[in-house]
Amino acid sequence: MQYPLELTFKLWAFAPQISVADSQNNLVFYVKQKLFKLKEAITVFADAERTRPLYYVKADRIIDFSARYDFTDSNGAYIGAVKRRGLKSLWKARYDIFDGDATHLNIQEQNPWVKVADALLAEIPILGLFTGYVFNPVYLVSRADGTVVMRLEKIPTFLSRKFIIKPVDQLSDREEEQVILSLLMMLLLERNRG
């Protein structure tokens, strides 16, 4: 993939939709989350028309705070999984990325005070419109030893939500797939923050 990747949430849609474009502005992934699903199931497409599925993301249980989301490719081959760390994620968003049953990467919010300040400013009339410019969360993907391998940050925007994914260290192709899919799923779960 040609980094940085830019993720854009479609703002005026009932169901969350994310477009992912590479540095040449070519569409890499397109995700549209279905509303009112008891057991989360998301398809990641290669095109905005949703004709070429690339990956499937499925929850292991019905509506749960710490469900595990398994990734498979279009042929059904297992790629990995991501899971929120339960109560530890209430203050600071934390997710574990799995390869089988082993955790080898994790996602962590860099500064939890950003979401607190964002929520407080959002409650102030008129000023609340500008929270997208002022408070922008950053999420770091790191190995078990603490080495940061990828960074996701929100871009200051007024009426849309845009994020940038930048590599920091080397990843294998499989790890890269796991990280990108985990970040997409995390954004869908954390979309109400920042």
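What you are looking at is a predicted structure, and each value in this text was computed from that prediction instead of being measured. (Residues numbered from 1 in each chain as written. Predicted model: local features only at pLDDT ≥ 70, side-chain atom pairs only at ≥ 80, totals over all residues. Heavy atoms only, no water.)

Novice: Sorry, what's going on with the packing of aromatic side chains here?
Specialist: The way to describe two aromatic rings as a pair is by their centre distance and the angle between their planes. Considering all chains together, one arrives at two aromatic pairs under this definition. An angle of 65 degrees between the planes, with centres 6.1 Å apart, marks the rings of Phe-9 and Phe-163 as edge-to-face. With Phe-9 in strand β1 (residues 5-9) and Phe-163 in strand β12 (residues 161-167), this residue pair connects regions lying 154 residues apart in the sequence. Residue class for Phe-9 comes out buried when judged on its relative accessible area of 9%. Among the residues examined, Phe-163 registers a relative accessible area of 4% and is labelled buried. Pairing Phe-29 with Tyr-55 gives two aromatic rings, centres 6.0 Å apart and planes at 65 degrees, and the pair type is edge-to-face. Within this pair, whereas Phe-29 is found in strand β3 (residues 27-32), its partner Tyr-55 is found in strand β5 (residues 53-59), the two being separated by 26 residues in sequence. Across this residue pair, the class does not change: Phe-29 and Tyr-55 are buried. Across from the ring centre of Phe-98, 4.5 Å away, lies the NZ or CZ of Arg-68, which sits over that ring. (Phe/Tyr/Trp six-rings, centres within 6.5 Å; stacked < 30°, edge-to-face > 60°. Helix = DSSP H or I, 4+ residues; strand = E, 2+ residues; numbered from the N terminus. Buried < 20%, exposed > 50% of the residue type's maximum accessible area, 1.4 Å probe, protein only. Lys NZ or Arg CZ within 6 Å of the ring centre and 35° of its normal.)

Novice: For this particular structure, what's the right way to read the pairing of strand β6 (residues 68-73)?
Specialist: As a general feature of sheets, a regular strand has side chains that alternate between the two faces. Two strands pair when backbone bridges link them, and β5 and β6 are joined in this way by five bridges, in the antiparallel orientation. Its bridge partner being in β6, Ala-59 is matched across the sheet by Tyr-69. Of the pairings in the sheet, the one linking β6 to strand β7 (residues 78-84) comprises five bridges and is antiparallel in character. Looking at the pairing, Thr-72 lines up with Tyr-78 of β7. As consecutive antiparallel partners, β6 and β7 are separated by four residues, and within that stretch Gly-76 has a phi angle of approximately 90 degrees, a positive value. (Pairing = 2+ DSSP bridges.)

Novice: Any chance you could explain empty space enclosed by the protein here in plain terms?
Specialist: Regions of empty space are outlined by a rolling probe, equal in size to a water molecule, passed over the atoms. A full pass over the atoms with the stated rule returns two cavities of 30 Å³ or more. Taken as a whole, the second largest cavity spans an internal volume of roughly 30 Å³. As for the second largest cavity, its lining consists of Val-31, Ile-42, Val-44, Val-57, Leu-184, Met-185 and Leu-188. Elements supplying a minimum of two residues to the lining of the second largest cavity: β4 (41-45) and α3 (173-189). The leading source of residues in the lining of the second largest cavity is α3, at three residues. Taken together, the residues of the lining of the second largest cavity break down into seven nonpolar, no polar and no charged. (1 Å grid on protein atoms, 1.4 Å probe; cavity = no way out; pocket = protein on both sides within 12 Å on 5 of 7 lines; lining within 4 Å. Points joined across faces, edges and corners; volume = space filled by probe spheres on them. Nonpolar A, V, L, I, M, F, W, Y, C, P; charged D, E, K, R; others polar.)

Novice: What is the right way to read the side chain of Glu-153 from this model?
Specialist: Relative to the helices and strands, Glu-153 resides in strand β11 (residues 148-155). Looking at Glu-153, its side chain comes within polar contact range of the side chain of Arg-151, at 2.7 Å. The contacts of Glu-153, once residues within four sequence positions are left out, are Pro-137, Val-138, Lys-162, Phe-163, Ile-164 and Lys-166. (Polar contact = N/O pair within 3.5 Å; in protein donor to acceptor, adjacent residues only side chain to side chain. Contact = heavy atoms within 4.5 Å.)

Novice: Would you mind going over the nonpolar core with me for this structure?
Specialist: Inside soluble globular proteins, nonpolar side chains tend to come together where they are buried. Core analysis: the largest hydrophobic core is formed by 40 residues, its most contacted members being Met-150 and Leu-183. The biggest single contributor to this core is α3, with nine residues. Ignoring anything within four residues of it in the chain, the contact list for Met-150 reads Tyr-3, Tyr-139, Leu-140, Val-141, Ile-165, Lys-166, Pro-167, Val-168, Leu-171, Val-179, Ile-180 and Leu-183. (Core = buried A, V, L, I, M, F, W, Y, C linked by side-chain atoms within 4.5 Å.)

Novice: Even after reading the chapter, I still don't get the sheet that holds β12, so can you show me in this structure?
Specialist: Adjacent strands of a sheet form backbone hydrogen bonds with each other and so pair up, either parallel or antiparallel. With antiparallel pairing, the 12 strands of this closed barrel are ordered in space as β1-β2-β3-β4-β5-β6-β7-β8-β9-β10-β11-β12. The mean inter-strand angle of the sheet, taken between neighbouring strand axes irrespective of direction, is 20 degrees. Of the pairings in the sheet, the one linking strand β8 (residues 94-99) to strand β9 (residues 102-109) comprises six bridges and is antiparallel in character. Counterpart to Asp-96 in the pairing with β9 is Asn-106. Sheet contacts for α3: β1, β2 (17-21), β3, β4, β5, β6, β7, β8, β9, β10 (138-143), β11 and β12; angle to β7, the most-contacted strand, approximately 40 degrees. (Axes fitted to C-alpha atoms, helices over the stretch in contact; angles between N-to-C directions.)

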